[in-house]
Amino acid sequence: MRRKLAAGNWKMNGTQASLSELTTLAAHHPSAACDILICPPATLITPASQTAGPIAIGAQDCHTADKGAHTGDISASMLKDAGASAVILGHSERREDHGESEDLVRAKARSVMEAGLLAIVCVGESLAERDAQNTLDIIGGQLAGSIPDGATGHNLVVAYEPIWAIGTGKVPTLDQIGEVHDFIRARLERRFGQGVGRSVRLLYGGSVKPGNAADIFAVSNVDGALVGGASLTAADFSPIVRALEAAS
Ligand code: PGA
């Protein structure tokens with residue numbers, strides 16, 4: 001059985017004052033029936049990991065190398081040392097803002113796995129790609145390109161995040177979500193074998209809110225969510241966690 005995962009991506013939001021949201025969230029879910037992960041900005045990883053109790057803390061990016069002359073960058077092992085247990089990789093905002101290629105995302109994911117952390121690899125189509133009915137081709141290419149060999153259910157999570165649904169309030173239909181999640185599952189089983197393919201958790205991301213979470217969590221092969229805006233406050237994220245617990 002795959003343990004469900006409610007993951008929050010704070011993006012470039014949050015200061016020390018935001019840590020109170022984490023303490024509130026932890027107090028609401030002392031022993032949740034699903035995993036809870038918050039990925040704050042790197043500046044908050046250490047204090048967050050010290051205050052979050054049962055909530056795991058992750059990062060939003062890392063470098064491919066373990067250490068060296070890379071000004072401004074942070075390696076997976078340094079994130080682990082700071083208190084992170086997971087790293088989001090290949091988010092569409094990084095692919096766009098920083099021109100991240102499949103090869104780069106794959107190398108980053110490999111470094112995360114080698115550091116013993118969970119790699120959360122994001123894939124997703126643009127609206128133009130969906131309109132041109134290229135969604136599954138695009139997702140297939142991203143899966144092949146950005147997931148390294150050696151993936152397992154312990155070191156890999158895949159997040160399906162249609163770019164046009166991120167931060168827009170627009171959400172694919174439940175059928176569209178199910179179609180892509182079933183496709184991702186089949187591709188993982190084909191590449192890594194049935195046992196591994198079935199053990200990797202698949203998250204949906206893009207405008208997940210308290211009001212739509214339960215419906216999304218009922219879709220086949222949806223093992224949780226990667227939540228942006230609605231993860232910033234305990235008031236919004238907690239009902240999403242509860243909806244996932246109810247689906248567990
Ligand atoms: P959103 O972001 O929930 O604000 O749409 C999701 C994400 O980018 O992970």
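For every chain, the first residue of the written sequence is number 1, and numbering continues from 1 onward in sequence order. Only residues with pLDDT of at least 70 are given local features in this predicted model, and only at 80 or more are side-chain atom pairs given and counted; all residues enter the totals for whole chains, interfaces and linings. To get the side-chain values, take all heavy atoms of the structure and skip hydrogens and water.

Caption draft 1: Representation of the sheet that holds strand β7 (residues 201-205). Here we have 8 strands rolled up into a closed barrel, ordered β1-β2-β3-β4-β5-β6-β7-β8, and parallel in their pairing. The mean inter-strand angle of the sheet, taken between neighbouring strand axes irrespective of direction, is 25 degrees. Residue contacts are defined here by distance: any two heavy atoms, one from each residue, within 4.5 Å place the two residues in contact. Only C-alpha atoms enter the line fits that serve as axes; for helices the fit covers just the stretch in contact. Angles between N-to-C directions range over 0 to 180 degrees. Each helix corresponds to a stretch of at least 4 residues labelled H or I by DSSP, and each strand to a stretch of at least 2 residues labelled E; elements are numbered beginning at the N terminus. Helix-sheet contacts for helix α5 (residues 102-114) involve β4 (86-89), β5 (118-123) and β6 (156-160), and the interaxial angle to β5 is about 160 degrees. The strands that helix α8 (residues 174-192) touches are β5, β6 and β7; relative to β7, the one it contacts most, it runs at about 150 degrees. Pairing between strands requires that DSSP locate at least two bridges from one strand to the other.

Caption draft 2: Examining α5 more closely. One fewer than the residue count of a helix, multiplied by 1.5 Å, yields its expected span. For α5, which comprises 13 residues, the first-to-last C-alpha distance of 18 Å matches the rise-based estimate of 18 Å (1.5 Å per residue) to within 8%. Burial classes: relative accessible area under 20% of the type maximum marks a residue as buried, over 50% as exposed, and values in between as partly exposed (1.4 Å probe, protein chains only). Of the positions making up α5, those classed as buried are V105, K108, A109, S111, V112 and M113. Buried positions along α5 lie against α3 (76-82), β4, α4 (92-97), β5, α7 (135-146) and β6. Phi turns positive one or two residues past the end of α5, at G116, with a value near 85 degrees.

Caption draft 3: Spatial organisation of the packing of α5 against α7. One way to put it is that α5 packs onto α7 with a least axis distance of 7 Å and a crossing angle of 45 degrees. With respect to α7, the axis of α5 lies oblique. Between α5, through E102, D103, V105, R106 and A109, and α7, the contact on the second element is made entirely by Q142, G145 and S146. Of the residues belonging to the contact of α5 with α7, the class tally is 2 nonpolar, 3 polar and 3 charged. By the definition adopted for this analysis, an angle is roughly parallel if under 35 degrees, roughly antiparallel if over 145, roughly perpendicular if from 65 to 115, and oblique otherwise. Basically, the charged four are Asp, Glu, Lys and Arg, the nonpolar ten are Ala, Val, Leu, Ile, Met, Phe, Trp, Tyr, Cys and Pro, and anything else, Gly included, counts as polar.

Caption draft 4: Empty space enclosed by the protein, seen in detail. A 1.4 Å probe that fits but cannot get out identifies a cavity on a 1 Å grid over protein atoms alone, an open set with protein on both sides within 12 Å along at least five of seven lines counts as a pocket, and a residue lines either if it has an atom within 4 Å of a point. Grid points are joined across faces, edges and corners, and a volume is the space filled by probe spheres set on the points. Going through the model one piece at a time under the given rule, you end up with 1 cavity of 30 Å³ or more. Its boundaries defined by the atoms lining it, the largest cavity holds a volume of some 30 Å³. In terms of lining, the largest cavity is formed by W10, E21, L22, L25, I38, S231, L232, T233, A234 and F237. Mapped onto the lining of the largest cavity, the elements with two or more residues apiece are α1 (19-28) and α11 (234-247). For the lining of the largest cavity, the element with the highest residue contribution is α1, accounting for 3 residues. Across the lining of the largest cavity, the residue classes break down as 7 nonpolar, 2 polar and 1 charged.

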